[in-house]
Amino acid sequence: MVESIAFSKTGDRKTVYSEIIPQIESLIGDEVDLIANLANITAVLKEAFGFLWIGFYLVKGDQLVLGPFQGPLACTRIDFDKGVCGYCYTTRETVIVPNVEEFPGHIVCSSAARSEIVLPIFRNEEVFGVLDVDSDRLNDFGEVDANGLKEVVGIIEGTLK
Ligand code: SME
């Protein structure tokens, strides 16, 4: 069990993703407990990047339900046709929102949130849940985050098989 993570403090996000991804892989190892793994992943991402909010919503029935997260209090349930998370669920694509105020139907969980990225997590071709990250800075997410977080999601998907 990894007890702490190490990453450079340069602020170069691409480098930090490349440093933390192998550490997330070893942190998870052969652990199959979903909640434990998701909780530790949110902790690593929070520590590495300091994003405002990082967390998971998991498909339960006909809604997305809040899972492990780090950051301010968040809404518990999201309908599939609501918010950025619902849009990600419906389109099955990564969604980058440079300015949350310009996304129709964006659900405000924290008034400090300015931009957001949401990635789908698949199990057997179905959307199992989403990884949602909020920043308190406008236009804070780009391709580097989409690629880095996709690798993180891939690690989770590997535990769901
Ligand atoms: N903003 C999200 C809701 C979840 S919070 O950001 C934690 C949305 O519009 O779906």
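Residues numbered from 1 in each chain as written. Predicted model: local features only at pLDDT ≥ 70, side-chain atom pairs only at ≥ 80, totals over all residues. Heavy atoms only, no water.

Asks: Hey, could you go over the environment of Ser8 for me, with residue numbers and the actual values?
Replies: With respect to the helices, strands and loops of the structure, Ser8 is situated in the segment before helix 1 (13–28). Leave out the neighbours within four places in its chain, and Ser8 touches Thr15, Val16 and Glu19. (Helix = DSSP H or I, 4+ residues; strand = E, 2+ residues; numbered from the N terminus. Contact = heavy atoms within 4.5 Å.)

Asks: Let's hear about the site of the ligand: which residues, and what values?
Replies: In the neighbourhood of the ligand, 13 residues make up the surrounding shell, with Val84, Cys85, Ile107, Cys109 and Asp134 lying closest. Residue Val84 places a main-chain N or O atom 2.9 Å away from an oxygen atom belonging to the ligand. Separating a nitrogen atom of the ligand from a side-chain N or O atom of Glu116 is a distance of 3.1 Å. Isolated, the ligand exposes 300 Å² of accessible area, and the fraction of that covered by the protein chains is 99%. For the ligand, the cavity whose grid points lie within 2 Å of the majority of its atoms is the largest cavity. (Near = heavy atom within 4 Å. Polar contact = N/O pair within 3.5 Å; in protein donor to acceptor, adjacent residues only side chain to side chain. Areas by Shrake-Rupley, 256 points an atom, 1.4 Å probe, with all protein chains shown as cover. 1 Å grid on protein atoms, 1.4 Å probe; cavity = no way out; pocket = protein on both sides within 12 Å on 5 of 7 lines; lining within 4 Å. Sits in = over half its atoms within 2 Å of the grid points.)

Asks: Before we move on, could you go through the pairing of strand 1 (residues 53–60) and cite the residues and values that matter?
Replies: Most of strand 1 sits out of view: six of its eight residues are buried. Where strand 1 meets strand 6 (residues 126–135), six bridges bridge the pair, whose relative direction is antiparallel. Considered in strand 6, the bridge of Ile54 is made with Val133. Bridge count for strand 1 against strand 2 (residues 63–70) is six bridges, and the pairing is antiparallel. Paired with Val59 across the two strands is Leu64, which belongs to strand 2. Between the antiparallel neighbours strand 1 and strand 2 lie two residues, among them Gly61 with a positive phi of about 65°. (Buried < 20%, exposed > 50% of the residue type's maximum accessible area, 1.4 Å probe, protein only. Pairing = 2+ DSSP bridges.)

Asks: Requested: an account of the pattern of salt bridges, with residues and values cited.
Replies: Summed over the entire model, instances satisfying the criterion amount to four salt bridges. Between Arg13 and Asp140 there is a salt bridge whose closest N-O contact spans 2.8 Å. Of the two residues, Arg13 sits in helix 1 while Asp140 sits in the loop between strand 6 and helix 4 (143–160), which places them 127 residues apart along the sequence. Taken as a pair, Arg13 and Asp140 share a single burial class, namely buried. The residue Lys82 makes a salt bridge to Asp81 at a minimum N-O spacing of 3.7 Å. For Asp81, a relative accessible area of 62% gives the class exposed. Members of the salt-bridge network, linked through shared partners, are Arg13, Arg137, Asp140 and Asp145. (Salt bridge = Lys/Arg side-chain N within 4 Å of Asp/Glu carboxyl O.)

Asks: Let's hear about empty space enclosed by the protein: which residues, and what values?
Replies: Inspection of the entire model under this criterion finds one cavity of 30 Å³ or more. In this structure, the largest cavity occupies an estimated 100 Å³ of space. For the lining of the largest cavity, the elements supplying multiple residues, two or more each, are strand 1, helix 3 (83–91) and strand 6. Tallying contributions element by element places helix 3 first for the lining of the largest cavity, with three residues. A per-class count over the lining of the largest cavity returns nine nonpolar, two polar and three charged. (Points joined across faces, edges and corners; volume = space filled by probe spheres on them. Nonpolar A, V, L, I, M, F, W, Y, C, P; charged D, E, K, R; others polar.)

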